[in-house]
Each structure stands twice: as structure tokens, then as C-alpha cells.
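Below, each chain spelled out in residue letters.
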Amino acid sequence: MSLTGKHILLGVSGGIAAYKTAFLVRDFVKAGAEVQVVMTDAATHFVTPLTLGTLSRREVITDMFPRGAAEATTHWTAHIDLALWADIMLVAPATANTLAKIAYGFADNFLATLVLALRCPLAVAPSMDVDMYRNAATQHNLTLLRERGVHVLEPESGELASGLVGPGRLPEPETILHWVEGLMVETRTDLLGKKVLVTAGPTHEPIDPVRYVGNRSSGKMGFALAAAATRRGAEVTLISGPVHLPTPPGVRRRDVATAREMAGAVDEEFPSTDVLIMTAAVADFSPVHPAGDKIKRDAVVGDRMTLEMEKNPDILRSAGERKARQVLVGFALETSNGLHHARQKLAAKHLDAVVLNDPTEDGAGFGTETNVVTILMADGRIDRLPQMSKLAVAEEILNRVAPLLR
Ligand code: PMT
């Protein structure tokens, strides 16, 4: 578990997105963290302390001075104790009001007081209506916080609770979880100055303008690799098939749809790259004659239709044949005889490493937040890793790639 033993302070301020913190607390706990929730008074109007306390298995703190006199004498210094206890504090959602308080050092509620006493990193996830977010005061406060080294997670754009459209939405709990996991990882710079090319997601092979042959890849594994490599100092280009994921900060992204488009993009990028990691679930076959118009049901005689398919280019194999100094990492998605097939891929495609995963295994493969992989290196090393978040798998892969670049 990626956050095992980590102490997280979660400060919740009063916006509609506070409801998402119930899922976030659950995800942090699942990832092994101990979570202490602190809420502003306004936040308790959106989600109850009972809900977050039950999920975090710790009493939620809302008041600087709890009601009973006995409690008050023992608890009023809790902000200092917790500030020393924490490995990180995340304020999510961070409203315009709470951001302003943090930026200007106010200490008029428990959350803001706690922030002032922190010795650990502080992260904030702003969430509010679009005009409040764009307001010069809010933007100025965010600039102040960034200048002070506070980590800021950009809000997502879309339809907001008010019905207005624009930036201001709190990212989904899994996105916040991965972001925090990344902040907790010891910062390494072993890929500084290196160019890393990552492919991710599925490819869609058109049958007609509205139908395609595809697979269940969500892109999460590849996006985790792109994010991890960027944090380690690499200049990352991510070639992605059709997925619904935000681009990790600092990553250059090229979107493609088909295997042939992905092959073209890899061909263009490959000569100038130092590392290629092929996480994409590239379709092996595509329809030979995609129809120009939607195929009508009545146009098919009888109850069956036949789709003629042809092999797509094997992108990784041709990169292996062209490789000069590049480090090449492939994935192997196998449901039986995994080690055997992975070894074959390693040799046949001239890879430096291959990452074996089995989509039928619990917590592995398509769409999951975690993966269970075995990493086979060209020098014969084999490591079977336990179930871990895709970000942690990405770090494990990069731990093995970085020494090959020296
Ligand atoms: O995206 P997620 O939902 O997070 O899921 C992650 C994943 C399951 C897709 C990922 O972990 C994974 O296993 N990716 C590889 C899937 C795959 O296509 O495996 P393969 O064994 O069929 O292919 C072997 C390697 O050749 C892969 O690196 C693949 O990218 C590459 N390949 C495959 C076919 C092709 N025409 N060209 C290729 O380059």
C-alpha cells in the first residue's frame, strides 16, 4: 500500500465538493494512511463530521475550543500536536475564503491555526465557482501560496454546481490520491535531462464512422508512468489513445486514435528519445475496409456479418529493430503462461525490460487503480511485486530504468 504508515491531515472547508472527501478519506485509509480530518464550520453544512469520522476511524476536529471545559483544557493545544504528527496536510476542497486565510496567516478557526503550525508539506486543492476562482484576489492568493512552496492541485474544468461552466471543480478522489502519493514519494532526480516517451490507453480501430474495435485499457498505467517520470526530472511525451484522464502536470501529450496513428507518432518521437515505455494496449488487428457510412442493419444479408481484419504494425518490435542508445520497456498482458510469453517478448522485441501483468488477477490490469506485476530484465533479473498502486508500479519500473541510462 502506497501510503502505509503515513499521517495525513485532511482539512475540509465549506464548498459543495466537500461531499467528495468521504471517498477521499476512504481511499487514503485503503492506501494505508492514518487520516485526521479537520473541518471548518461551513464544511459541516455539506458533509457531516460523523461521516468523515466513521470513515477515518478518528474523531473529526471542528472547534478550536470544544464545548466541555475538561475537554477544552486537554484539547486546545491539539493544533500543535497534530502539526507535529503529520507527514502532509491537504486542504480539499480549499475554498476562496480558506485560501485567503492561509495566504494571509489568519488563525481564526482550527483548520487555519493548524496550517500555521505545520512543519510538514502543505497541499491545497482549490474548488469554487468559476468566477470566484478566476477572481484576481483568489489568483493572487494562489500565487502567494505557490511562491511559498505550497503544492496546488489545479481544479478541473466543467459544469459546476451553479450550472456555470469553467475551472473550479475538485478533481475526483482517485486523482487527488495519486497526486498526494506523488508528493509523498521521495523526490528523485535520476531522470533529469532525459527524454522519456510513454504510450498509454487503448487504440480504436474503426469499423464505420460510429463503431470501432477496441479494448478496456483506461490509460491509468501509462499516465502514472508519465507523471512519475516527470517528477523525476524527465522531459516526458505521452502518446495516448482515447482515454478520459487529465494530462499529468508538465507532460507533453499527443492524442491518437488508431494503432497506425500511434505507430506514426512513436516513429516521429523515437529518434530523439532516451527511453520508450510501451504501456498502450495497441490493437493487434484492424478492419481492412472501414465503411465510409454507418453500416445499416438491413444492409447485412442474413443474421451474420463478417469483418475482415488485418494485422497492425507491431510498434514495439520495430522500435526494437531501430534502437540505438534507447532503453526499451514493453508490457506483456498475459492470461496464461505469463513468464514464458514475457520472456519471448523480451528477446524477440530486443527489450531491456518487460512488465508482465495478468488482467484476470484481482487488482491487476485494465481500469484498476492498482496493478500486480512481474518485472523481467534483459540481464535475467525477475521481480514479482505485490499489489500496489499504478503510481508505485511506475516508480518501481523507473527505479530499474534509471541505472540503465548512466
Ligand atoms: O490502461 P490501464 O487500464 O491502466 O491498463 C494497463 C494495461 C493492462 C493496458 C497495461 O498494464 C498493459 O499490460 N499494457 C500492454 C497491453 C498489451 O497490448 O500487451 P501485449 O502483450 O498484447 O503487447 C506487448 C507489448 O507490445 C506492449 O508493450 C504493447 O504496447 C506492444 N504492442 C502491442 C501490439 C502492437 N501492435 N504494437 C505494440 O507495440
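Residues numbered from 1 in each chain as written. Predicted model: local features only at pLDDT ≥ 70, side-chain atom pairs only at ≥ 80, totals over all residues. Heavy atoms only, no water.

### A word on the pairing of strand S8 (residues 195-200)
Alright, step 1. Counting buried residues in S8 gives 5 out of 6 residues, a clear majority hidden from the surface.
Alright, step 2. Summarising the sheet, S8 and strand S11 (residues 235-240) pair through 6 bridges and their orientation is parallel. From the neighbouring strand, lysine 195 faces S11, where its bridge partner is glutamate 235.
Alright, step 3. As paired elements, S8 and strand S13 (residues 275-278) share 4 bridges and run parallel to each other. (Buried < 20%, exposed > 50% of the residue type's maximum accessible area, 1.4 Å probe, protein only. Helix = DSSP H or I, 4+ residues; strand = E, 2+ residues; numbered from the N terminus. Pairing = 2+ DSSP bridges.)

### Here we look at the nonpolar core
Alright, step 1. If you look at the biggest cluster of nonpolar residues, it comprises 38 residues, and the most contacted ones within it are Val196, Leu225, Val236, Ile277, Val329 and Ile397.
Alright, step 2. When residues of this core are traced back to their parent elements, those giving at least two are S8, helix H10 (220-231), S11, S13, strand S16 (327-333), strand S17 (353-357), strand S19 (373-377) and helix H14 (390-401).
Alright, step 3. Filtering out sequence-adjacent residues up to four positions away, valine 329 remains in contact with Leu276, Ile277, Met278, Leu316, Ala353, Val355, Ile397 and Val401.
Alright, step 4. Core analysis: the second largest hydrophobic core is formed by 32 residues, Ala17, Phe28, Val37 and Leu52 among them. (Core = buried A, V, L, I, M, F, W, Y, C linked by side-chain atoms within 4.5 Å. Contact = heavy atoms within 4.5 Å.)

### Points about the sheet that holds S17
Alright, step 1. Strand order in the open sheet made by the 8 strands is S12-S11-S8-S13-S16-S17-S19-S20, with mixed pairing throughout. Two strands in the sheet have a free side with no partner beyond their single neighbour: strand S12 (252-255) and strand S20 (382-384). In this sheet, neighbouring strand axes are inclined to one another by 15° on average, regardless of whether the strands run parallel or antiparallel.
Alright, step 2. Here 5 bridges tie S16 to S17, and the two strands are oriented parallel to one another. Bridge pairing links leucine 333 to asparagine 357 in S17.
Alright, step 3. Docked against the sheet, helix H11 (residues 259-269) engages S8, S11, S12 and S13, running at close to 160° with respect to S11.
Alright, step 4. Taken strand by strand, H14 contacts S13, S16, S17, S19 and S20, and its axis lies near 10° from that of S19. (Axes fitted to C-alpha atoms, helices over the stretch in contact; angles between N-to-C directions.)

### So, the site of the ligand
Alright, step 1. Close contacts around the ligand come from 28 residues, with Ser217, Ser218, Lys345, Asn357 and Gly367 the closest.
Alright, step 2. In the environment of the ligand, an oxygen atom lies 3.3 Å from a nitrogen or oxygen atom belonging to the backbone of lysine 220.
Alright, step 3. Asparagine 357 places a polar side-chain atom, nitrogen or oxygen, 2.6 Å from an oxygen atom of the ligand.
Alright, step 4. Protein chains bury 96% of the 770 Å² of accessible surface belonging to the ligand in isolation.
Alright, step 5. Looking at the shell around the ligand, the elements that each hand over two or more residues are H10, helix H12 (315-322) and S16.
Alright, step 6. Of the residues forming the shell around the ligand, the biggest block, 4 residues, is contributed by S16.
Alright, step 7. Residue composition of the shell around the ligand, grouped by class: 13 nonpolar, 9 polar and 6 charged. (Near = heavy atom within 4 Å. Polar contact = N/O pair within 3.5 Å; in protein donor to acceptor, adjacent residues only side chain to side chain. Areas by Shrake-Rupley, 256 points an atom, 1.4 Å probe, with all protein chains shown as cover. Nonpolar A, V, L, I, M, F, W, Y, C, P; charged D, E, K, R; others polar.)

Limitation: the analysis is restricted to geometry and does not speak to function.
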